[in-house]
Amino acid sequence: DQQVKQNSPSLSVQEGRISILNCDYTNSMFDYFLWYKKYPAEGPTFLISISSIKDKNEDGRFTVFLNKSAKHLSLHIVPSQPGDSAVYFCAASGASGTYKYIFGTGTRLKVLA
Amino acid sequence: EAQVTQNPRYLITVTGKKLTVTCSQNMNHEYMSWYRQDPGLGLRQIYYSMNVEVTDKGDVPEGYKVSRKEKRNFPLILESPSPNQTSLYFCASRGLGTQYFGPGTRLLVL
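Residues numbered from 1 in each chain as written. Chains lettered and ligands numbered in written order. Predicted model: local features only at pLDDT ≥ 70, side-chain atom pairs only at ≥ 80, totals over all residues. Heavy atoms only, no water.

### Section: the pairing of strand β3 (residues 19–25) of chain B
All names here are of chain B.
Thinking step 1. Across the seven residues of β3, five count as buried, placing the element largely inside the fold.
Thinking step 2. Pairing between strand β1 (residues 4–7) and β3: four bridges, direction antiparallel. The residue bridging Thr5 from the neighbouring strand is Ser24, located in β3.
Thinking step 3. Sheet analysis places β3 next to strand β8 (residues 76–78), joined by three bridges and oriented antiparallel. Opposite Leu19, over in β8, you have Leu78 as the bridge partner. (Buried < 20%, exposed > 50% of the residue type's maximum accessible area, 1.4 Å probe, protein only. Helix = DSSP H or I, 4+ residues; strand = E, 2+ residues; numbered from the N terminus. Pairing = 2+ DSSP bridges.)

### Brief notes about the sheet that holds strand β8 (residues 72–77) of chain A
Residue and element names in this part refer to chain A.
Thinking step 1. Spatially, the five strands line up as an open sheet ordered β1-β3-β8-β7-β6, and their pairing is antiparallel. On the outer flanks of this sheet lie β1 (4–5) and β6 (56–59), each paired with one strand and no other.
Thinking step 2. Two elements, β1 and strand β3 (residues 19–25), share two bridges in a ladder whose sense is antiparallel. Along β3, the bridge assignment pairs Lys5 with Asp24.

### Some thoughts on the pairing of strand β9 (residues 87–95) of chain B
Residues and elements named next belong to chain B.
Thinking step 1. Extensive coverage of β9 is indicated by the burial of nine of its nine residues.
Thinking step 2. Judged from the seven bridges that link them, strand β4 (residues 31–38) and β9 form a sheet pairing that is antiparallel. Residue Gln37 lies in a different strand from β9, and its bridge partner there is Leu88.
Thinking step 3. Bridging between β9 and strand β11 (residues 105–109) involves three bridges; their strand directions are antiparallel. Residue pairing across strands places Leu88 opposite Arg106, the latter belonging to β11.
Thinking step 4. The pairing of β9 with strand β10 (residues 98–101) spans four bridges and is classified as antiparallel. Paired with Gly95 across the bridge in β10 is Thr98.

### Focus on a nonpolar patch on the surface
All names here are of chain B.
Thinking step 1. On the surface, a nonpolar cluster with roughly 380 Å² of combined accessible area is contributed by Ile12, Val14, Leu108 and Leu110.
Thinking step 2. By secondary structure assignment, the location of Val14 is in the loop between β2 (10–13) and β3.
Thinking step 3. For Val14, a relative accessible area of 44% puts it in the partly exposed group. (Patch = residues over 30% accessible without salt bridge, like charges linked within 9 Å, V, L, I, M, F, W, Y side chains within 5 Å. Areas by Shrake-Rupley, 256 points an atom, 1.4 Å probe, with all protein chains shown as cover. Salt bridge = Lys/Arg side-chain N within 4 Å of Asp/Glu carboxyl O.)

### Quick notes on the state of the cysteines
Residues and elements named next belong to chain A.
Thinking step 1. Scanning the model with the defined rule gives two disulfides over all chains in all.
Thinking step 2. The disulfide bridge from Cys23 ends at Cys90, spanning 1.9 Å between sulfur atoms. Between Cys23 and Cys90, the S-S torsion sits near 65°, and that sign places the bridge as right-handed. You can see Cys23 sitting in strand β3 and its partner Cys90 sitting in strand β9 (residues 86–93), a full 67 residues away along the chain. The exposure classification of Cys23 matches that of Cys90, with both residues buried. (Disulfide = S-S within 2.5 Å.)

Dropping the structure here:
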């Protein structure tokens, strides 16, 4: 059973507009969430994270929102740029002492120039 | 430069021929892990290691072995590869809240 779900396999956005990538999880024990970005032929690279004690974390053009009651997080990219075109994975981690990251299936973002 | 390296990057082999994919990190991280990426399934953890000589199964360990004799190295061993192990493999090491991934090894088992 998929504990971390990214229900949109792909998303296309015009350059300069907002990209919103969504992620849902089922395990209420998750308390740390991350977004990774992956280009073809490369390993995933860390983008941004959020702890469950927060509901928002911002880093430049990237903002992650966490809604614990809905078990939902989203990544906002504003403004979107063609270089943002990649596959985005969300990941969740459990309470301290649990070292596993559970990854979603990924969303392929295409930013159109 | 902080990095995770994997070798080989590409490998074609036949069913039953033992192979090893090496992984090395230069960040002195204690925690390392192996993932496989398959279409529609995302990244699934195969094995992880919390320190030298400490390893444990991830979500999809069947058909794989690992060892952690030194902190920097974490090889993935396929004793008898089968076609369902054709996949893209990533090694990762973790420090201060995030994981750093290697560039990936694309494996084809015929």
